[in-house]
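# Summary of the model geometry
Chain residues, written in single-letter form:
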Amino acid sequence: NNEKSVPQLLIRDLKFEKKPLAKLMFSPDQENHPSKAPVKYGELIVLGYNGSLPNGDRGRRKSRFALFKRPKANGVKPSTVHIACTPQAAKAISNKDQHSISYTLSRAQTVVVEYTHDSNTDMFQIGRSTESPIDFVVTDTVPGSQSNSDTQSVQSTISRFACRIICERNPPFTARIYAAGFDSSKNIFLGEKAAKWKTSDGQMDGLTTNGVLVMHPRNGFTEDSKPGVWREISVCGNVFSLRETRSAQQRGKMVENETNQLQDGSLIDLCGATLLWRTAEGLARTPTVKHLEALRQEINAARPQCPVGFNTLAFPSMKRKDVVDEKQPWVYLNCGHVHGYHNWGNKEERDGKDRECPMCRSVGPYVPLWLGCEAGFYVDAGPPTHAFSPCGHVCSEKTTAYWSQIPLPHGTHTFHAACPFCAHQLAGEQGYIRLIFQGPLD
């Protein structure tokens, strides 16, 4: 085995200074004036974007959205229930100045539930619509897409008014999720085909066409996290097991002992995009972009080398995260040996996709390495020692291990693990690989 004779350096053997990084662990909100800062409930981060949307974040369309306490409460809670005999009567009941949910049971009967103002909660709405009631506009995620033009041709499966999150205005600022959002006329309308039913206490409830799925991780969002079970959330915030397919008429079984309360690390799937919920406390324990930048500079300062060309490799700055740089490290995904870019080892008969590693002769894909820049996806502040396969996004070992275990909804009835930074489906035995860098020979 000629591998042993080559001087190698695992990235974890690089000396990482602990002291200065401790200071960088706190989020910018805490460094400034903690007393004057508005109360932050948490943030929603869209999976598949490495820090920002491909064409830049604009207005309500961005890769992450912070929920702050509103100057004035805008939450609502159910009040009067009306049973109308005709759709016209139902329209008359649903007053434009009052929130309501209409459940069409048949041509002859509609139930309208009026909602009244709740001074103790704030409401935030998420969906594909750009109408004003939507606080956070989310479009379909196309794995690895570099520009929004790639995404527009796809027929969207995300609902225009997909879901709403209600946050308590008083500590502990509990956040709860509900399927469906109110439209411009303050109405949620569940048509004849939507799954709906009367609950045991005489109230109405229902599911949206493609559903809102939620997964709460076990052990919070930490280095000990384990994936939880995917559930569906109803319009009234009840929890159900999944339907046979996303839009099946038959609802799943109600799960009595679980709630719609979001936890740090909860995943929300809108059938076309998946969002990660991070609480304000969780974010305070997460590495910041400054911390990731310090780790990047430490790797580069250790001057890893290409074991064949002996040229020094360096991770490009966070801002240049889409353009391959000449010093960029590349990796053989089957063995983890890191090199500089080179042209040899191409296997003609294999489409040029697979290459033979000059260090150990293992054959497999050869890809550039990119740092994972979206700090919210990290479960710990460990050094970037591992890369997802096949995309080459680099982050800490525990972060790659966690995301590689999570089955993310894909299409209407399948699930697969994906890289959180680019949404590419993971490949290989584990879905990630440990990086083997060579240190400078001097």
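Residues numbered from 1 in each chain as written. Predicted model: local features only at pLDDT ≥ 70, side-chain atom pairs only at ≥ 80, totals over all residues. Heavy atoms only, no water.

Rules: UniProt positions are given in the numbering used here, feature names are shortened, and annotations may be inferred rather than shown by experiment.
Under an unreviewed UniProt entry, the name given to the protein chain is PELI1 ligase, and the source organism is Sylvia atricapilla. Annotation of the protein chain in UniProt includes, under Sequence similarities (unreviewed entry), the sentence "Belongs to the pellino family."

### Considerations on the pairing of strand E3 (residues 64–68)
Under the convention used in this document: Throughout this description, buried means an accessible area under 20% of the type-specific maximum (1.4 Å probe, protein chains only), exposed means over 50%, and partly exposed covers the range between. Helix and strand definitions follow DSSP, with helices as H or I runs of at least four residues and strands as E runs of at least two, each counted in order from the N terminus. By the convention used here, strands pair only if DSSP detects at least 2 bridges between them.
Of the two faces of E3, the one holding Phe65 and Leu67 is buried and the one holding Arg64, Ala66 and Phe68 is not buried anywhere. Where strand E2 (residues 40–46) and E3 come together, 5 bridges link them in antiparallel fashion. In the sheet register, Ile45 faces E3, and the bridge partner there is Arg64.

### Observations concerning the nonpolar core
Rules: As used here, the term nonpolar core means buried Ala, Val, Leu, Ile, Met, Phe, Trp, Tyr and Cys residues forming a set that is joined through side-chain atoms within 4.5 Å. Any pair of residues with heavy atoms lying within 4.5 Å of one another is described as a contacting pair.
Core analysis: the largest hydrophobic core is formed by 45 residues, its most contacted members being Leu44, Leu67, Ile126, Ile165, Ile177, Ile268 and Leu270. Leaving out residues up to four positions away in the same chain, Leu67 has contacts with Val39, Lys40, Tyr41, Gly42, Leu44, Phe124, Ile165, Cys167 and Trp277. Core analysis: the next-biggest nonpolar cluster, separate from the first, contains 30 residues, Leu267, Val379, Tyr402 and Tyr432 among them.

### So, the sheet that holds strand E14 (residues 212–215)
Pairing in this open sheet of 7 strands is antiparallel, and the strands run E3-E2-E18-E17-E14-E15-E16 from one edge to the other. Looking at the sheet topology across the chains shown, the edges are occupied by E3 and strand E16 (239–240). As defined by bridge partners, E2 adjoins strand E18 (residues 274–279) across 5 bridges and the pair is classed as antiparallel. Bridge assignment links Glu43 to a residue of E18, and that residue is Arg278.

### Points about the pattern of salt bridges
The cut-off we apply is this: Salt bridge, as used here, is a side-chain nitrogen of Lys or Arg placed within 4 Å of a carboxyl oxygen of Asp or Glu.
As enumerated under the stated definition, the model contains 14 salt bridges in all. Across the pair Glu293 and Arg296 runs a salt bridge whose closest N-O atoms are separated by 2.9 Å. One end of the pair, Glu293, and the other, Arg296, are both in helix H6 (residues 289–301), 3 residues apart, so they sit about a helical turn from each other. Like Arg296, Glu293 is buried.

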